[in-house]
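# Structural overview
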Protein chains: 2
Amino acid sequence: MEITVDIESATPMFSQLVMQIKQAVQHGKVAPGDPLPSIRQLANDLEMNNKTVAKAYRLLERDSVIQTKGYRGTFIHPDAMANCTVDLNAWVTKQLRETIATFRKAGVTDSEIRIAFADVLNQPQGG
Amino acid sequence: MEITVDIESATPMFSQLVMQIKQAVQHGKVAPGDPLPSIRQLANDLEMNNKTVAKAYRLLERDSVIQTKGYRGTFIHPDAMANCTVDLNAWVTKQLRETIATFRKAGVTDSEIRIAFADVLNQPQGG
DNA sequence: ATATGTACCGTATGTCCTAATGGTACAACT
DNA sequence: AGTTGTACCATTAGGACATACGGTACATAT
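Treat the numbers as computed from the prediction; the structure is a model and nothing was measured.

## Examining the UniProt feature "domain: HTH gntR-type" (unreviewed entry) in chain A
The sites that carry the UniProt feature "domain: HTH gntR-type" (unreviewed entry) are, in the present numbering, residues 11-79 of chain A. Counting secondary structure, residues 11-79 of chain A comes out at 49% helix and 12% strand; the distance between its end C-alpha atoms is 27 Å.

## Considering the protein's contact with DNA strand D
The local shell around DNA strand D holds 24 residues, among which M13, K51, T52 and Y71 of chain A together with T74 of chain B are the closest. For DNA strand D, the fraction of protein-proximal atoms (within 4 Å) that sit in sugar or phosphate groups is 72%. The backbone of M13 of chain A places a nitrogen or oxygen atom 2.5 Å from a phosphate oxygen of DNA strand D. Elements supplying a minimum of two residues to the surface near DNA strand D: helix 1 (13-26) and helix 3 (50-62) of chain A together with helix 2 (39-45), helix 3 (50-62) and helix 6 (110-121) of chain B. Looking at the surface near DNA strand D residue by residue, the classes come out as eight nonpolar, nine polar and seven charged.

## Let's talk about the interface of chain B and chain A
Each partner contributes residues to the interface: chain B has 33 residues there, and chain A has 33 residues. Across the interface of chain B and chain A, roughly 3300 Å² is buried in total on both sides, 65% from carbon and sulfur atoms. Sorting the residues of chain B by area buried against chain A places R104, F117 and L121 of chain B first, and these three jointly supply 19% of that buried surface. Our count for the contact surface shared by chain B and chain A stands at two salt bridges. The partner of R62 of chain B in a salt bridge is E112 of chain A, and the shortest N-O contact between them spans 2.3 Å. Counting every contact that joins chain B to chain A gives eight residue pairs in polar contact (both at pLDDT 80 or more). Contributions of two or more residues to the side of chain B that touches chain A are made by helix 3, helix 5 (88-105) and helix 6 of chain B. At 14 residues, the largest contribution of residues to the side of chain B that touches chain A is made by helix 5 of chain B.

## Points about the sheet that holds strand 2 (residues 66-68) of chain B
All names here are of chain B. Ordered by their spatial adjacency, three strands build an open sheet running 1-3-2, and the pairing between neighbours is antiparallel. At either end of the open sheet lies a strand with only one pairing partner, and these are strand 1 (35-36) and strand 2. In this structure, strand 2 lies alongside strand 3 (residues 74-76), joined through three bridges in antiparallel fashion. Paired with I66 across the two strands is I76, which belongs to strand 3. On the sheet, helix 3 packs against strand 1, strand 2 and strand 3 and is oriented at approximately 110° with respect to strand 2.

## Examining the protein's contact with DNA strand C
Taken together, 24 residues lie near DNA strand C, and M13, K51, T52, Y71 and N122 of chain B sit nearest. In DNA strand C, the atoms that sit within 4 Å of the protein are 71% sugar and phosphate, with bases accounting for the remainder. Between DNA strand C and the protein, one listed contact pairs a phosphate oxygen with a side-chain N or O atom of T52 of chain B at 2.7 Å. Where the surface near DNA strand C is concerned, the elements lending two or more residues are helix 2 (39-45), helix 3 and helix 6 (110-121) of chain A together with helix 1 (13-26) and helix 3 of chain B. Of the residues assigned to the surface near DNA strand C, the class counts are eight nonpolar, nine polar and seven charged.

## Comments concerning helix 6 of chain B
With 12 residues, helix 6 of chain B extends 16 Å between its outermost C-alpha atoms, agreeing within 8% with the 16 Å of an ideal straight helix rising 1.5 Å per residue. When we look at burial in helix 6 of chain B, the residues that qualify are E112, I113, A116, F117, V120 and L121 of chain B. The buried side chains of helix 6 of chain B occupy one side of the element, clustering within an arc of 160° when seen end-on. Looking at the buried positions of helix 6 of chain B, the neighbouring elements they touch are helix 3, helix 5 (88-105) and helix 6 of chain A together with helix 5 of chain B.

## Let's talk about the pattern of salt bridges
All names here are of chain B. Counted by the stated rule, this structure contains 10 salt bridges over all chains. Residue R62 pairs with D63 through a salt bridge whose shortest N-O separation is 3.0 Å. By relative accessible area, which is 25% here, R62 ends up partly exposed. Close ionic contact of R104 with D110 constitutes a salt bridge, the shortest N to O distance being 3.1 Å. What makes R104 buried here is its relative accessible area of 13%. A residue is classified by how much of its surface remains accessible, and D110, at 22% relative accessible area, is partly exposed.

About the thresholds
Residues numbered from 1 in each chain as written. Chains lettered and ligands numbered in written order. Predicted model: local features only at pLDDT ≥ 70, side-chain atom pairs only at ≥ 80, totals over all residues. Heavy atoms only, no water. UniProt positions renumbered as here; feature names shortened; annotations may be inferred. Helix = DSSP H or I, 4+ residues; strand = E, 2+ residues; numbered from the N terminus. Near = heavy atom within 4 Å. Polar contact = N/O pair within 3.5 Å; in protein donor to acceptor, adjacent residues only side chain to side chain. Nonpolar A, V, L, I, M, F, W, Y, C, P; charged D, E, K, R; others polar. Contact = heavy atoms within 4.5 Å. Buried area = accessible area lost by both parts, 1.4 Å probe. Salt bridge = Lys/Arg side-chain N within 4 Å of Asp/Glu carboxyl O. Pairing = 2+ DSSP bridges. Axes fitted to C-alpha atoms, helices over the stretch in contact; angles between N-to-C directions. Expected span 1.5 Å × (residues − 1). Buried < 20%, exposed > 50% of the residue type's maximum accessible area, 1.4 Å probe, protein only. Arc of directions from axis to C-beta.

Next comes the structure, spelled out in C-alpha cells:
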C-alpha cells in the first residue's frame, strides 16, 4: 500500500491519510487482517509528525476501518469494506443542513445560530 | 424608559439593549404603541454607534417586540408582551442540543461537528 | 532493549467570526 | 431642511479554533 501526502494541498494531511487508506480498502489493495505500518513508522516515512498520523488512525478506528491492537500493531478491520463506505461526516452535514434550514426559515440570524451552537458544543458533554 | 449600557460587560452592547427593552415590556414600564427613541437618538444618548443600536432594533423587530414604521419612528409592538417571552434562542439551543447529542453518541468528534457546521452555514442560503 | 498505541504538556500559524466603530447614501415623509 | 429606518462601503481588536509541530512519559508486549 503506497501512501503519499501533499503538503501543499488544501486538504489536511491527516485527512489525506484517511481518504487514501479508505480508498485502498475499497479498491481491494488491502484485505481485512492486513497489517498497517505503525504510527511512528508511517510518520517517519512520510516525514510528518506522529500526532498527525495518530489522528488519522484514530479516526479510521472510530469508523471501524482499521483495528488497533495495542503493542501488536494496527490492522485492517474485518468489516472494513462495508464500513468505509459509511460516511459519518456526510450524515452529520445532512442533519445539520436540515436543522439550520429550519432555523433560517424561522428568521434566526446566522450569528445567533453560531452563538447557540458554540454554547451547546462547549458544554461538559452529554449535552 | 431608562436604558443603560455597560461597556465593560462581557455581554455585547446590542444584546444588553435587547434584554433591557424586553424587560421594560415585561415589567409594564412601556405599553404597546409607546414610541421608542430613534436609532440615532438612542445611539447619541448612550454614546454608541448607530449600527449597534440598529442591530438591537432589528432583532427586536424580528421578534415582534417592536415595530418600525419607517420615517414615522419605532414603537412597541401590539403583542410585545406575549412575544418577548418567546425566546427564539432558547428554541434554537434546545434543537441544537439534541442534534449534537446524537452526533456525539455516534462517535463524531466535536471538531468534525464544528467543521460540518461551518460548511453548512457558509453556504449561499436556503441550505 | 525495542516496539506498540496512547496520553499529557506545550507552541506556532493561519483562518474565521464577532463586536463595534466610521462614513456615505437612499427614499419617504414632516 | 430635517428626520426616519436602512443599506452599502470599510476598518479595528479580540477570541476561538484547526492544523501541525515538539517533547516526554506510560503500560504492554516481544
